[in-house]
Every structure is written in structure tokens, then in C-alpha cells.
Amino acid sequence: MNREIIETELQFKAVRSSGAGGQNVNKVSSKVILFYDINNSSGLNDDEKNIVNEKLVNRISQEGILQLASDEDRSQIKNKEIVIKRFFELLTKSLKKPKKEKKLKYLRPLKKNDFKKKRNHLK
């Protein structure tokens, strides 16, 4: 994953936000929507594209575009920063390889009688 290339490929759209903001909310477009075309990206290799498409299938449109939005703040600039941060967290989390499970090692095989012995021992 090449972060610098991906940052240049991001597209943004500002729309009017609902919620807090008073009279200002009717005049200013403070909500920011981020668009990222995964399939045509040169910042990800083919394996990474496949992994992201599998793990984020519910967030990706049929055209292969990932959409994220932020309207947490009244400022469009801060919302843009928030959505970029959230995007890269989501991307790195989806590309993170899961840890391999370790097999448990038992010292000796357990038997049904072992539990009965312990209960009798406690009496």
C-alpha cells in the first residue's frame, strides 16, 4: 500500500449537513464524502485490491467505489481530515493479516474419571 499515491487518488464531495450548526447549516456545505476507486487504484497491488474487496464488500458499490462520509464537525476542513483518517484506518485494518492460531498442548490426555477423582477428593 502506497499512501502517497492513494492520497492523490481520493475524491471528495461537500454537501449540506444535517444536525447542529444553527442558521449556518443552511448555507454551508460542511459534510464531506470521500470516494475511492479501488479497482483503478495504482496505490494498491492486485493482491491488496482483492483483499480489500473481500473484507469491505458491504461498503463498496457495484462499480468498485468505496464511500465514507463525515459530518461530525461544523468545519468542512476538519470533516475532511476526519474522513481521511478514518479511510486509512479502515484500509490498514482490512489489509492486516490475521494471526495464526496456536494449537493447545495438553500435558496428558483428560479422561472422564479424572473429574470424578477430583470431586471425590474435595469431599
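The notes below deal with the structure included here. Fair warning: this is a prediction, and the values are worked out from it, not measured in the lab.

On to the packing of helix α2 (residues 46–55) against helix α3 (residues 76–95), then. Across the interface, α2 lies against α3 with an axial gap of 9 Å and an inter-helix angle of 105 degrees. One element, α2, and the other, α3, form an angle in the roughly perpendicular class. Note on element contacts: α3 touches α2 through Leu91, Ser94 and Leu95, opposite Glu48, Ile51, Val52 and Lys55.

The pairing of strand β1 (residues 11–15) with strand β2 (residues 31–37) spans five bridges and is classified as antiparallel. Looking at β2, one finds that valine 15 is bridged to lysine 31. Pairing between β2 and strand β3 (residues 65–70): six bridges, direction antiparallel. Among the inter-strand pairings, tyrosine 36 is bridged to a residue of β3, identified as leucine 66.

If you look at soluble globular proteins, the nonpolar side chains tend to sit buried side by side. Of all hydrophobic cores here, the largest spans 18 residues; its most connected members are Ile6, Leu10, Leu34, Tyr36, Ile38, Leu66 and Phe87. Listed by contribution, the elements that provide at least two residues to this core are β2, β3 and α3. The dominant element in this core, judged by the number of residues it contributes, is α3, at six residues. In this structure, leucine 66 is in contact with Leu34, Phe35, Tyr36, Ile38, Leu56, Arg59, Ile60, Phe87 and Leu90, ignoring residues within four places of it in sequence.

Rules and cut-offs
Residues numbered from 1 in each chain as written. Predicted model: local features only at pLDDT ≥ 70, side-chain atom pairs only at ≥ 80, totals over all residues. Heavy atoms only, no water. Axes fitted to C-alpha atoms, helices over the stretch in contact; angles between N-to-C directions. Helix = DSSP H or I, 4+ residues; strand = E, 2+ residues; numbered from the N terminus. Parallel < 35°, antiparallel > 145°, perpendicular 65-115°, else oblique. Contact = heavy atoms within 4.5 Å. Pairing = 2+ DSSP bridges. Core = buried A, V, L, I, M, F, W, Y, C linked by side-chain atoms within 4.5 Å. Buried < 20%, exposed > 50% of the residue type's maximum accessible area, 1.4 Å probe, protein only.

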